[in-house]
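# An overview of the molecular structure
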Amino acid sequence: GSLSQSSSDETSGRNYPDHIVMNLPASALTFLDALQGAFTASAVNARPGKLPMVHCHCFTSKKDDKERRDDVIQRAETYLGGSLEPYEVNEVQVRNVRDVAPNKFMMCLHFRVPESIAYYSGKSNENKSNEKKRKAVDEDNVEPLKKCSKE
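Described below are features of the structure shown in this document. The numbers attached to residues start from 1 for each chain and follow its sequence in the written order. Note on the predicted model: pLDDT of at least 70 is required for a residue's local features to be given, and 80 or more for side-chain atom pairs to be given and counted; whole-chain, interface and lining totals, by contrast, use all residues. Derived side-chain values reflect all non-hydrogen atoms in the structure, with water molecules and hydrogen atoms excluded from consideration.

## Examining the side chain of Asn 90
To keep it simple, the criterion reads: Runs of E in the DSSP output that reach at least two residues are strands. Runs of H or I that reach at least four are helices, and both are numbered from the N terminus. To sort residues, take the accessible area from a 1.4 Å probe on protein chains only and compare it with the maximum for the residue type: under 20% means buried, over 50% means exposed, and anything in between is partly exposed.
Locating Asn 90 in the fold gives a position in the loop between helix H2 (65-80) and strand S5 (93-101). Asn 90 sits in the buried class, given a relative accessible area of 9%.

Put into structure tokens, the structure is as follows:
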């Protein structure tokens, strides 16, 4: 549904979407942490559906389908600060969008925001360890700038 059809929290006046589309594959994963604690149980319980579905585009360089799926889910969980398991309950799917270059594939991760992330209060030490993991993931996915030489 559109934002006008989304649920709202009567006490705070906040609207909650049914779907969140993150279509910047180079950086979308890095914004997943914004979902931590972004929802209130009272608003979600009042709505007829469930927590929103997220459609997050990203790149991977893994060769086969299983490696691509595992890579995308692992990186997403790192930024989310929690697990997407159980995958069936959270409707987790990874699909190939297109090949963008040799050994570079655009993927789309679809999942329903898990309650453990949606209602996260920030009171655990898990967040500190995830910050270290995020930095490692960022460093692994940064391509060094190549110096142009004039010939």
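Having seen the model, we can carry on.
## Points about the pattern of salt bridges
Basically, it comes down to this: Salt bridges are identified by distance alone: a Lys or Arg side-chain nitrogen within 4 Å of an Asp or Glu carboxyl oxygen.
Counted by the stated rule, this structure contains five salt bridges. The partner of Asp 65 in a salt bridge is Arg 68, and the shortest N-O contact between them spans 3.6 Å. Of this pair, Asp 65 and Arg 68 both sit in helix H2, three residues apart, roughly one helical turn. Owing to a relative accessible area of 59%, Asp 65 belongs among the exposed residues under this scheme. In this structure, Glu 91 engages Arg 112 in a salt bridge whose closest nitrogen and oxygen atoms are separated by 2.8 Å. Remark: Arg 112 occurs in strand S6 (residues 104-112) and Glu 91 occurs in the loop between H2 and S5; sequence separation between them is 21 residues.

## Focus: the packing of aromatic side chains
One pair of aromatic rings is described through two measures. These are the centre distance and the angle between the planes. Test applied: Aromatic contacts are taken between Phe, Tyr and Trp rings whose centres are within 6.5 Å, Trp giving its six-membered ring; a plane angle under 30 degrees counts as stacked, one over 60 as edge-to-face, and the others as tilted. A ring has a charge above it when a Lys NZ or an Arg CZ is no more than 6 Å from the ring centre and no more than 35 degrees off the ring normal.
Going through the model one piece at a time under the given rule, you end up with zero aromatic pairs. One Lys or Arg, Arg 68, reaches over the ring of Phe 105 and ends 3.6 Å from the middle of that ring. Seen from the ring of Tyr 87, Arg 69 lies directly overhead, with NZ or CZ sitting 5.3 Å from the centre.

## What about the sheet that holds strand S3 (residues 19-22)?
Note the threshold: Whether two strands pair depends on DSSP finding at least two bridges between them. Each axis is a line fitted through C-alpha atoms, taken for helices only over the stretch in contact, and angles between the N-to-C directions span 0 to 180 degrees.
Reading across the sheet, the four strands line up as S3-S4-S6-S5 and stay open at both edges, with mixed pairing between neighbours. The sheet is open, and its two borders are formed by S3 and S5, each paired with just one other strand. Within the sheet, the average angular offset between the axes of one strand and its neighbour, ignoring direction, is 20 degrees.

## Topic: the environment of Phe 105
Rule in force here: Only heavy atoms enter the contact rule, under which two residues are in contact if any of them lie within 4.5 Å.
By secondary structure assignment, the location of Phe 105 is in strand S6. In this structure Phe 105 comes out as buried when scored by relative accessible area, which is 9%. Sequence spacing of Phe 105 and Thr 60 is 45 residues, and the spatial spacing of their C-alpha atoms is 5.4 Å. Those residues within four positions of Phe 105 in sequence are excluded, and the remaining contacts are Cys 58, Phe 59, Thr 60, Ser 61, Lys 62, Arg 68, Asn 96, Arg 98, Asp 99 and Val 100.

## Overview of H2
What counts is decided by this rule: Each helix should span, by expectation, one fewer than its residue count multiplied by 1.5 Å. Under the rule applied, a polar contact is a pair of N or O atoms within 3.5 Å (in protein, one hydrogen donor and one hydrogen acceptor; residues adjacent in sequence only if both atoms are side-chain atoms).
Compared with an ideal rise of 1.5 Å per residue, which puts 16 residues at 22 Å, H2 spans 22 Å between its outermost C-alpha atoms and is within 8% of the ideal. Residues of H2 that are buried include every one of Arg 68, Asp 71, Val 72, Ile 73, Arg 75, Ala 76, Glu 77, Thr 78, Tyr 79 and Leu 80, and no others. At the N-terminal end of H2, a side-chain oxygen is found 3.2 Å from the backbone nitrogen of Lys 66, two or three residues along, and the residue is Asp 64.

## A word on unusual backbone geometry
Note the cis peptide between Glu 85 and Pro 86, where omega equals -5 degrees. Mapped onto the secondary structure, Pro 86 falls in the loop between H2 and S5. Not every positive phi belongs to a glycine, and Glu 91 is a case in point at roughly 55 degrees. Take Glu 91: its relative accessible area is 29%, and that puts it in the partly exposed class.

Remember, this is a structural readout, not a statement about activity or role.
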